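Here's the letter readout for the chains.
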Amino acid sequence: MKFKAISLLKVYLFVSIAVGIISCNNKDTEIKADPIVSTFYLIRHAEKDRTDPSNSNPELNQDGLGRAIKWAEIFEPIDLDVIYSTNYERTSMTAAPTSIKKDINVTYYNPSDIDIEALKSENLSKDVLIVGHSNTTPMMVNKLVGYEKYEAMDDTDNSSLFIVRIIDSVATDIRLNMN
């Protein structure tokens, strides 16, 4: 009896250790860290004043001011961490109501000098608003997702919202019309 008990104990220990080793190597049971999620919200500036075609840096018109306020309402439930804008009157004015409502200073960027990898790494696990232009907004989305998906926006499109979510370095995107 003593021999059988010791043999059964050895078998039990062997099986327990084997199952433990197999479990440790099973990816389904690995303990994984929380995913790193960064979300980028990209919009084009609101409607600009077109009364002086020679003005290369116009402010927003009345419709644009209304839309800028509407954007602030749309972003109200989102815990934004950073707001980026190009350094133009129309983009700054579009970002301003959200910046004021969220108490976040606007960081200005130059779309032609942007280092997309640095932007992504500086904003890991953050919610980011980026205000740009009809050509720079889709370009920025393309850089964030890693391939050419979107063409320049129509000059009358001031209501598209692009959302790029990067989870553990894998980007997904969606384009919404917020009219």
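Up top is the structure these notes are about.
Residues numbered from 1 in each chain as written. Predicted model: local features only at pLDDT ≥ 70, side-chain atom pairs only at ≥ 80, totals over all residues. Heavy atoms only, no water.

Q: How would you explain the environment of asparagine 158 if you had to name every residue and give the values?
A: By the element assignment, asparagine 158 lies in the loop between helix H5 (136-145) and strand S5 (160-167). Judged by its relative accessible area of 6%, asparagine 158 falls in the buried class. Measuring from C-alpha to C-alpha, the distance between asparagine 158 and alanine 46 comes to 5.2 Å, with 112 residues separating the pair along the chain. Once you skip the residues sitting within four places of it in the chain, asparagine 158 turns out to touch Arg44, His45, Ala46, Glu47, Arg67 and Trp71. Side-chain polar atoms of asparagine 158 contact the backbone oxygen of histidine 45, separated by 2.8 Å. (Helix = DSSP H or I, 4+ residues; strand = E, 2+ residues; numbered from the N terminus. Buried < 20%, exposed > 50% of the residue type's maximum accessible area, 1.4 Å probe, protein only. Contact = heavy atoms within 4.5 Å. Polar contact = N/O pair within 3.5 Å; in protein donor to acceptor, adjacent residues only side chain to side chain.)

Q: So what's going on with the nonpolar core? Residues and values would help.
A: Here is a general trend for soluble globular proteins: nonpolar side chains tend to be buried in one another's company. Among the nonpolar cores identified, the biggest contains 19 residues, and Phe40, Leu42, Leu119, Ile130, Met140, Leu144 and Val164 are the most heavily contacted of them. Mapped by element, the contributors of at least two residues to this core are strand S1 (37-44), strand S2 (82-85), helix H4 (116-122), strand S4 (127-132), H5 and S5. Top element by residues in this core is H5. It accounts for 4 residues. Leaving out residues up to four positions away in the same chain, valine 164 has contacts with Ser38, Thr39, Phe40, Leu42, Val141, Leu144, Val145, Ala171, Thr172 and Asp173. (Core = buried A, V, L, I, M, F, W, Y, C linked by side-chain atoms within 4.5 Å.)

Q: I'd like to hear about helix H3 (residues 89-102), residue by residue, with values.
A: Residues spaced three or four apart along an α-helix face the same direction, because each turn holds 3.6 residues. In this model H3 runs 20 Å from its N-terminal to its C-terminal C-alpha over 14 residues, within 8% of the 20 Å that 1.5 Å per residue would give. At alanine 96, H3 shows its maximal kink, close to 35°; a proline, proline 97, follows between one and four residues later. Considered for burial, the residues of H3 that qualify are Arg90, Thr91, Ser92, Met93, Thr94, Ala95, Thr98 and Ser99. Structurally, H3 contributes buried residues whose contacts are with S1, helix H2 (62-75), S2, strand S3 (106-108) and S4. After H3 finishes, the residue aspartate 103 shows a positive phi value of roughly 55°. (Expected span 1.5 Å × (residues − 1). Bend = angle between axes of the 7 residues up to and from the residue.)

Q: I'd like a rundown of unusual backbone geometry, residues and numbers included.
A: Although it is not a glycine, aspartate 103 sits at a positive phi angle of roughly 55°. If you trace the backbone, aspartate 103 turns up in the loop between H3 and S3. One non-glycine residue, serine 125, lies in the positive phi region at around 60°. Relative to the elements of secondary structure, serine 125 occurs in the loop between H4 and S4. Residue classification places serine 125 among the partly exposed residues on the basis of a relative accessible area of 48%.

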